[in-house]
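# A look at the structure
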Amino acid sequence: MPQLFHPSTNTFAKVSIFGAIFLIAAVLWVFLSIERSSYVTQAGVVREQPIPFSHRHHVSQLGIDCRYCHTTVEESNFAGIPPTKTCMACHSQIHATAEMLEPVRESWRTGKSLEWIRVHDLPDFVYFNHSIHVKKGVGCETCHGPVGKMALTWREKSLNMEWCLECHRAPEKFVRPRQFVFSMDWHPEIDQKILGEKIVKEYDINRLTNCSICHR
Amino acid sequence: MAEEKDKTKTESPFIEPGHTYGSITDKISSMILTRKTPLGWFIGFGIAFSLMMVLLFSITYLFMKGTGIWGLNIPVGWGFAIINFVWWIGIGHAGTLISAILLLFRQEWRTSINRFAEAMTLFAVAAAGIFPLIHMGRPWLFYWLMPYPNTMNLWPQFRSPLVWDVFAVSTYALVSLLFWYTGLVPDFGSLRDRAKNKFAQKAYGILSMGWRGSAIHWHRYETAYLLLAGLATPLVISVHTIVSFDFAMAIIPGWHATIFPPYFVAGAVYAGFAMVLTLIIPLRKVYGLQDFITIRHLRNMAKVMLATGLIVAYGYMMEAFTAWYSGSEYEQFMILNRMRGPYAPVFWALIICNVVVPQFLWFERFQSKVGALFAIAIVVNIGMWLERFIIVVTSLHRDFLPSSWGMYAGTFWDWSIYFGSIGLFFTLMFIFLRIMPAISIFEMRTLVKGSKKKIEN
């Protein structure tokens, strides 16, 4: 009987048995990486808006407070998207004829809202409330990133559940004193660990990890 | 006693006289390579394959519509899917018992049935594995059962027996597969050398992983096989113990009982041997294997069935006794409801199938009559399914609160998926018979007088 297989088959068999483990591990790694990549989470991806609104200009260069536009962030679950009226408060005087702002004026004339593209959209099965987070000392930039540096707005974090739990399991690592919640580029003067633990105690912050806290 | 010992000696042997190494290899390999496939194979495969198509169709419809097409509802939230799962997993147990435990106990008679029983185990586990998956509301998220670093930072609930099940059953499937495959390697080598066409040579060549039958190959093979047997032995006990925890960890009357693990394990072996007999009796007839699978094999299996059947009967008795002795009115009601409630006919059918009918196996006349044995095996198969039906349904349908009582019955789709899973099982079985040696060739050779193993013993 002639030889069935070429002698190289021996090497091939050994490599395939040995390599199978790495292959399976690699496939798993690729899948888990894709799940966390910005391709899936959209983190760090700039969304195109009807008007190229710059948070950098308004927040850092002009020093407008977050709450000037996002008015309900302290008392509602939704931070609020400003109505055209808020824009026009300034832009009826400043850059009143700028080509770029024509959609705002059109909205003002017709009464039809500007259709902003939502950057942070949580799934409908998640209950989220801005006001409680603000009251417990979670800074805007803790979740939304350095908004004052965003010429065009992107989502800073993945919004994956593991990201939520990171803070819900260890809030002391992230909280700050209430008076700095709306500050940009804030850094603790003492060690965050010590400060965080003090704040957790002072604000009575609980580690809320029960499923039905968010999935009601 | 002395008389009986003598009798065993004169009893028919494990292999009919006159066989040589060559004749064994010829006979078993001819089933695959040279002999014309018997008509019975085509008929059987045709029926099984059609049933498997019914399964595919039913599951497709299930995935389109959801589990609402089944008879499930509150209070009976566990219906056919769990019944069938436990039934199939139980059937698998005989394979592991025969291949691992009987090997360690040096029971030579396992030789001619172990390969077949191991294959049966694998296919039964495959059929069982479908049910927990399709029982999920969102089957496409089945991988949530496995612990992996997901983006939700969530792990399965390790305190739940359902999660233990995932590990128990997957380990079982994996070890059974390895055990089966390891045992097949030397035989694949024989088939490779005997195959005439190029494709078969290549296929068996790859499967035999370069087996040349050298002394060092045999040495490694024996070590590996023994180690795997050791690994598989605790699984015989653990798998069905954990399956029984699915029930016993709950507080439902009729489930919350410490007798469940041993009672389930015995039931599993009982069902498994019944299934081996159900399959092997027609097989030896169609392929003319009476000289390999002798009356003595059938008798031995009948005895195992009788013994495990008695343990199961003891389990039923203890269930009733514990209910009475506990003084718990819910437990007592549960037993009375089984015996006299709306499902009483099913319960009594179960007692007849699993307790009464197998008592015929006490008599040699029934042990060695192939037809009677086949009939009893079928009855036990049915009985074991009814047992799981009784456990699942009667405990749930009337629990603590009469206001939440209800009735349960399988719908058309419940039955179609059940019968379909039988189709899947038999399809795999027929394919196995066609392309792999159903009886271990090289182990049969050790039964020939004068072979190495004989002298050793």
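Source: prediction; values computed, not measured.

With that out of the way, let us pick up the overall build of chain A. Along its length, chain A carries 11 helices and zero strands. When the helices and strands of chain A are listed from N to C terminus, the series reads α-α-α-α-α-α-α-α-α-α-α. Scaling as 2.2 N^0.38, a compact globule of 216 residues should have a C-alpha radius of gyration of about 17 Å, whereas chain A reaches 25 Å, well beyond that. A principal-axis box enclosing the C-alpha atoms of chain A has dimensions of 95 × 50 × 35 Å.

Turning our eyes to something else, we now look at helix 4 (residues 80–104) of chain B. Residue and element names in this part refer to chain B. Relative to the 36 Å expected for 25 residues at 1.5 Å per residue, helix 4 spans 36 Å between its end C-alpha atoms, a close match to the ideal helical length. At L97, helix 4 shows its largest kink, close to 35°. With respect to burial, helix 4 is a largely interior element, 24 of its 25 residues being buried. Where helix 4 ends, the next residue or the one after it, R106, has phi of about 55°, a positive value.

Another point: empty space enclosed by the protein. All names here are of chain B. Under the defined criterion, the tally for this structure stands at three cavities of 30 Å³ or more. Looking at the largest cavity, its volume works out to about 60 Å³. G95, T96, S99, A100, E118, T121, S176, F179 and A232 together form the lining of the largest cavity. Of all the secondary structure elements, the ones that give two or more residues to the lining of the largest cavity are helix 4, helix 5 (111–134) and helix 6 (161–194). A total of four residues in the lining of the largest cavity trace back to one element, the largest contributor, which is helix 4. Its residues assigned to classes, the lining of the largest cavity comprises three nonpolar, five polar and one charged.

Residue and element names in this part refer to chain B. At their nearest, the axes of helix 9 (residues 260–286) and helix 15 (residues 412–435) sit 13 Å apart, and the two run at 45° to each other. Between helix 9 and helix 15, the angle is such that the two are oblique. Crossing of helix 9 against helix 15: the hand is right-handed. Only F425, F426, M429 and L433 of helix 15 make contact with helix 9, whose side of the interface consists of M275, L279 and L283. Split by residue class, the contact of helix 9 with helix 15 holds seven nonpolar, no polar and no charged.

Residues and elements named next belong to chain B. For the structure shown, the criterion picks out 57 aromatic pairs over all chains. Relative to Y418, the ring of W87 lies with its centre 5.5 Å away and its plane at 70°, an arrangement referred to as edge-to-face. Here W87, found in helix 4, pairs with Y418, found in helix 15; they are 331 residues apart in sequence, far enough to count as distant. Its relative accessible area of 7% is what places Y418 among the buried residues. Where F321 meets Y325, the ring centres are 5.3 Å apart and the plane angle is 15°; that geometry is what we call stacked.

Bringing unusual backbone geometry into the picture now. Residues apart from glycine generally show negative phi values, whereas peptide bonds are mostly found in trans. For the peptide bond that leads from I74(B) to P75(B), omega is 10°, which places it in the cis range. Summarising the element assignment, P75(B) is placed in the loop between helix 3 (39–65) and helix 4. Unlike most non-glycine residues, D204(A) shows phi in positive territory, near 55°. Inspection of the secondary structure assignment puts D204(A) in the loop between helix 10 (192–202) and helix 11 (211–214). Despite not being glycine, N153(B) shows a phi value in the positive range, around 55°.

The next point concerns the interface of chain B and chain A. Counting residues at the interface gives 14 residues for chain B and 11 residues for chain A. Summing the contributions of chain B and of chain A, the shared interface buries around 1200 Å²; its carbon and sulfur component is 62%. If you sort the residues of chain B by the area they bury against chain A, T151(B), N153(B) and K202(B) come out on top, with a joint share of 43%. Counting the contacts that link chain B with chain A gives zero salt bridges. Applying the counting rule to chain B against chain A returns six residue pairs in polar contact (both at pLDDT 80 or more). Of all the secondary-structure elements, those providing two or more residues to the side of chain B that touches chain A are helix 6 and helix 7 (198–207) of chain B. The dominant element in the side of chain B that touches chain A, judged by the number of residues it contributes, is helix 7 of chain B, at five residues. Looking at the side of chain B that touches chain A residue by residue, the class counts come to five nonpolar, five polar and four charged.

Mapped onto the fold, T41(A) is located in helix 2 (residues 38–41). Beyond its immediate stretch of four places on either side in the chain, T41(A) contacts E35(A), R36(A), R155(A), S158(A) and N160(A).

All names here are of chain B. Following both chains from N to C, one finds helix 11 (residues 329–340) and helix 14 (residues 370–397) inclined at 120°, their axes separated by 10 Å at the closest point. Like other packed secondary-structure pairs, helix 11 and helix 14 cross with a definite hand, here right-handed. Each of M334, N337 and R338 in helix 11 lies in contact with helix 14, whose residues at this interface are I390, I391, T394, S395 and H397.

Take the pattern of salt bridges next. All names here are of chain A. Tallied over the full model, the rule gives 16 salt bridges over all chains. Of the charged contacts, one joins K193 and E197 as a salt bridge, the two residues approaching to 3.7 Å between their closest N and O atoms. Within this pair, K193 and its partner E197 are both found in helix 10, separated by four residues, close to a single helical turn. The partly exposed category is assigned to E197, whose relative accessible area is 42%. One connected set of salt bridges, linked through shared partners, spans D65, R67 and E74.

Right, let's talk about the environment of V30(A) for a bit. By secondary structure assignment, the location of V30(A) is in helix 1 (residues 8–36). Distance from V30(A) to V181(A), taken between C-alpha atoms, is 37 Å for residues 151 residues apart in sequence.

Below, the discussion takes up a nonpolar patch on the surface. All names here are of chain A. A cluster of nonpolar residues, W29, V30, I34, Y39 and V40, forms a patch on the protein surface that exposes about 580 Å² of accessible area. Only helix 1 and helix 2 provide two or more residues apiece to the nonpolar patch. If you tally residues by element for the nonpolar patch, the top one is helix 1, at three residues.

What follows covers the side chain of R338(B). Residues and elements named next belong to chain B. One can find R338 in helix 11. Within the local environment of R338, its side chain forms a polar contact with the side chain of S395, the two groups lying 3.4 Å apart. Once you skip the residues sitting within four places of it in the chain, R338 turns out to touch G254, E319, Y343, A344, F347, I390, I391, T394 and S395.

Parameters and conventions
- Residues numbered from 1 in each chain as written.
- Chains lettered and ligands numbered in written order.
- Predicted model: local features only at pLDDT ≥ 70, side-chain atom pairs only at ≥ 80, totals over all residues.
- Heavy atoms only, no water.
- Helix = DSSP H or I, 4+ residues; strand = E, 2+ residues; numbered from the N terminus.
- Rg over C-alpha atoms; globule rule 2.2 N^0.38 Å.
- Expected span 1.5 Å × (residues − 1).
- Bend = angle between axes of the 7 residues up to and from the residue.
- Buried < 20%, exposed > 50% of the residue type's maximum accessible area, 1.4 Å probe, protein only.
- 1 Å grid on protein atoms, 1.4 Å probe; cavity = no way out; pocket = protein on both sides within 12 Å on 5 of 7 lines; lining within 4 Å.
- Points joined across faces, edges and corners; volume = space filled by probe spheres on them.
- Nonpolar A, V, L, I, M, F, W, Y, C, P; charged D, E, K, R; others polar.
- Axes fitted to C-alpha atoms, helices over the stretch in contact; angles between N-to-C directions.
- Parallel < 35°, antiparallel > 145°, perpendicular 65-115°, else oblique.
- Left-handed = near helix turned anticlockwise from the far one by under 90°.
- Contact = heavy atoms within 4.5 Å.
- Phe/Tyr/Trp six-rings, centres within 6.5 Å; stacked < 30°, edge-to-face > 60°.
- Buried area = accessible area lost by both parts, 1.4 Å probe.
- Salt bridge = Lys/Arg side-chain N within 4 Å of Asp/Glu carboxyl O.
- Polar contact = N/O pair within 3.5 Å; in protein donor to acceptor, adjacent residues only side chain to side chain.
- Patch = residues over 30% accessible without salt bridge, like charges linked within 9 Å, V, L, I, M, F, W, Y side chains within 5 Å.
- Areas by Shrake-Rupley, 256 points an atom, 1.4 Å probe, with all protein chains shown as cover.

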